[in-house]
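Descriptive structure summary
What follows is each chain in one-letter form.
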Amino acid sequence: MSLVTDEYELNANEYWNDFYKIHENGFFKDRHWLFTEFPELAPDQDQSQPIYKDTSTTNAGLGSCENGPCSLETRPQEHHQLDFMKDSNYIIHRLGTDAKAILNLADLKLNDGDFPGSSATYRILEVGCGAGNTVFPILQTNNDPGLFVYCCDFSSTAVDLVQTNAEYDSSRCFAFVHDLCKDQSPYPMPEESLDVIILIFVLSAILPEKMQCVINRLTRLLKPGGMILLRDYGRYDLAQLRFKKGRCLSDNFYVRGDGTRVYFFTQDELEALFTTAGLEKVQNLVDRRLQVNRGKQVTMHRVWIQCKYRKPFPAGREENGPVH
Ligand SMILES: C[S@@+](CC[C@H](N)C(=O)[O-])C[C@H]1O[C@@H](n2cnc3c(N)ncnc32)[C@H](O)[C@@H]1O
């Protein structure tokens with residue numbers, strides 16, 4: 001790594017802290033489309049009735065994901081803006097977060113062998129949860145009393161935003177600071193305890209040479225039959241094509257103006273990452289969209305990749321029914 005690349009890697013969480021200090025929860029859009037793409041997040045809900053529909057943008061040339069992230073505001077100078085537009089669905093009640101320390105695992109009074117969510121029957125972990133734009137829709141939509149949702153991010157500012165959200169319910173959710181790239185950084189749940197792990201535009205923020213270790217370690221947390229769900233940037237997405245010279249750190253890996261980084265994947269690369277970790281493909285698709293912002297008369301070619309990979313049952317152990 002060069003000195004410049006090193007600086008972005010060593011201080012990666014600080015760049016994301018700065019990002020969340022500026023944007024708080026108002027940047028990434030709440031993703032109610034999640035449940036049409038990933039019904040595993042709310043298995044018992046009626047997926048035929050999307051809860052959320054944004055009508056501000058027209059999608060043409062859709063792939064198989066018509067209810068994907070569909071609204072967009074174009075501000076070419078800042079590529080984050082290409083991802084998701086501000087949303088006011090969630091009103092955050094800030095509770096003086098500067099004064100409130102982040103709740104850590106050590107602060108919880110747990111009996112021996114217990115862990116947050118130990119009595120749950122369906123456990124979901126969101127990694128790189130940001131301000132909670134995926135976690136809160138899950139908690140709102142999935143009413144299974146046995147559900148427990150964990151979420152983590154290496155930005156303490158982001159985790160603080162989640163923990164101080166009025167919707168945060170510590171009996172159903174546990175948010176914690178965690179750096180996916182730090183092998184020694186503990187998870188609050190044992191191995192083979194999770195039904196679903198979700199990564200939404202997160203793996204792309206990680207140094208490419210560290211991605212395999214991240215996926216290997218996450219795989220160990222999955223129950224046999226459990227799944228990793230991913231949605232992320234695809235190769236030659238508009239955001240990639242718009243990067244100016246000098247922003248490229250290595251092949252297909254770029255740094256934005258605010259110091260946060262992004263990789264653009266091919267399907268084969270993701271297939272290799274997941275299968276090397278021992279997972280089996282359930283889905284690996286490219287979602288290409290022509291997004292039209294009628295107001296601004298701009299068309300945008302977006303490329304996203306969506307994957308679902310399952311942890312196989314050990315040989316001789318039959319799959320029988322749901323994973324919980
Ligand atoms: C593009 S944002 C997506 C946020 C969130 N998943 C969402 O959908 O709104 C990427 C997130 O990954 C987090 N992140 C990046 N590298 C990480 C790492 N090594 N460990 C944990 N979180 C990380 C960032 O802090 C940021 O919140």
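Residues numbered from 1 in each chain as written. Predicted model: local features only at pLDDT ≥ 70, side-chain atom pairs only at ≥ 80, totals over all residues. Heavy atoms only, no water.

Extensive coverage of strand β5 (residues 194-200) is indicated by the burial of seven of its seven residues. Of the strand pairs in this sheet, β5 and strand β6 (residues 222-233) are connected by six bridges, and their pairing is parallel. When the sheet's bridge partners are listed, Leu194 is paired in β6 with Leu222. With respect to chirality, the unit in which β5 leads through helix α6 (residues 211-221) into the neighbouring parallel β6 is right-handed. (Buried < 20%, exposed > 50% of the residue type's maximum accessible area, 1.4 Å probe, protein only. Helix = DSSP H or I, 4+ residues; strand = E, 2+ residues; numbered from the N terminus. Pairing = 2+ DSSP bridges. Right-handed = clockwise from strand over helix to strand, strands pointing away.)

On to the UniProt feature "domain: Methyltransferase type" (unreviewed entry) in the protein chain, then. The sites that UniProt annotates as "domain: Methyltransferase type" (unreviewed entry) are residues 125-228. Within residues 125-228, the helical portion is 25% and the strand portion 28%, while the C-alpha atoms at the span's ends are 10 Å from each other. (UniProt positions renumbered as here; feature names shortened; annotations may be inferred.)

Interhelical geometry of helix α2 (residues 12-23) versus helix α5 (residues 156-163) gives an angle of 40° and a closest axis separation of 7 Å. Relative to α5, α2 is oriented oblique. Across the interface between the two elements, Asn17, Tyr20 and Lys21 from α2 touch Ser156, Thr157, Ala158 and Leu161 from α5. For the contact of α2 with α5, the per-class residue count stands at three nonpolar, three polar and one charged. (Axes fitted to C-alpha atoms, helices over the stretch in contact; angles between N-to-C directions. Parallel < 35°, antiparallel > 145°, perpendicular 65-115°, else oblique. Contact = heavy atoms within 4.5 Å. Nonpolar A, V, L, I, M, F, W, Y, C, P; charged D, E, K, R; others polar.)

Attention now goes to the nonpolar core. Leu41, Leu125, Ile197, Leu203 and Leu218 are the most contacted members of the largest nonpolar core, which totals 72 residues. If you look at the next biggest cluster of nonpolar residues, it comprises seven residues, including Trp16, Tyr20, Ala158 and Leu161. (Core = buried A, V, L, I, M, F, W, Y, C linked by side-chain atoms within 4.5 Å.)

In this section: the pattern of salt bridges. Throughout the structure, instances matching the rule amount to ten salt bridges. With a closest N to O distance of 3.5 Å, Glu191 and Arg220 form a salt bridge. One end of the pair, Glu191, is in the loop between β4 (173-177) and β5; the other, Arg220, is in helix α6, and 29 residues separate them in sequence. For Arg220, a relative accessible area of 41% gives the class partly exposed. Residue Arg231 pairs with Asp287 through a salt bridge whose shortest N-O separation is 2.7 Å. Placement of Arg231 in strand β6 and of Asp287 in strand β10 (residues 280-293) is noted, with a sequence separation of 56 residues between them. Look at Arg231 and you get buried, because its relative accessible area is 0%. A relative accessible area of 0% places Asp287 in the buried class. Ionic contacts of the salt-bridge type, sharing partners, join the residues Glu9, Lys210 and Arg261 into one network. (Salt bridge = Lys/Arg side-chain N within 4 Å of Asp/Glu carboxyl O.)

All right, on to the state of the cysteines then. Summed over the entire model, instances satisfying the criterion amount to zero disulfides. The closest cysteine sulfur to the non-disulfide-bonded Cys248 is located on Cys181, 19 Å from its own sulfur. (Disulfide = S-S within 2.5 Å.)

One pair of aromatic rings is described through two measures. These are the centre distance and the angle between the planes. The final tally for this structure, using the stated rule, is 15 aromatic pairs. Considering the side-chain rings of Phe176 and Tyr187, the 6.5 Å spacing of their centres and the 85° angle between planes classify their relative orientation as edge-to-face. You can see Phe176 sitting in strand β4 and its partner Tyr187 sitting in the loop between β4 and β5, a full eleven residues away along the chain. Taken individually, Phe176 and Tyr187 each receive the classification buried, so the pair is uniform in this respect. (Phe/Tyr/Trp six-rings, centres within 6.5 Å; stacked < 30°, edge-to-face > 60°.)

Pairing is antiparallel in the open sheet, where three strands are placed in the order β7-β8-β9. Lying at the two open borders of the sheet, with one neighbouring strand each, are β7 (248-250) and β9 (261-263). The mean inter-strand angle of the sheet, taken between neighbouring strand axes irrespective of direction, is 30°. Strand direction decides the pairing type here: β7 and strand β8 (residues 253-255), joined by two bridges, are antiparallel. Along β8, the bridge assignment pairs Ser250 with Phe253.

The subject of this paragraph is unusual backbone geometry. The phi dihedral of Glu192 falls on the positive side, at around 55°, and the residue is not glycine. Mapped onto the elements of the fold, Glu192 is located in the loop between β4 and β5. One non-glycine residue, Gln297, adopts positive backbone phi at about 55°. Mapping Gln297 onto the fold places it in the loop between β10 and β11 (298-310). Among the residues examined, Gln297 registers a relative accessible area of 73% and is labelled exposed.

Residues in contact with the ligand amount to 20 residues; listed here are only the nearest, Tyr20, Arg31, Gly128, Asp153 and Ile200. Separating a nitrogen atom of the ligand from a backbone N or O atom of Gly128 is a distance of 2.7 Å. Along the lines of polarity and charge, the residues of the shell around the ligand split into eleven nonpolar, five polar and four charged. (Near = heavy atom within 4 Å. Polar contact = N/O pair within 3.5 Å; in protein donor to acceptor, adjacent residues only side chain to side chain.)

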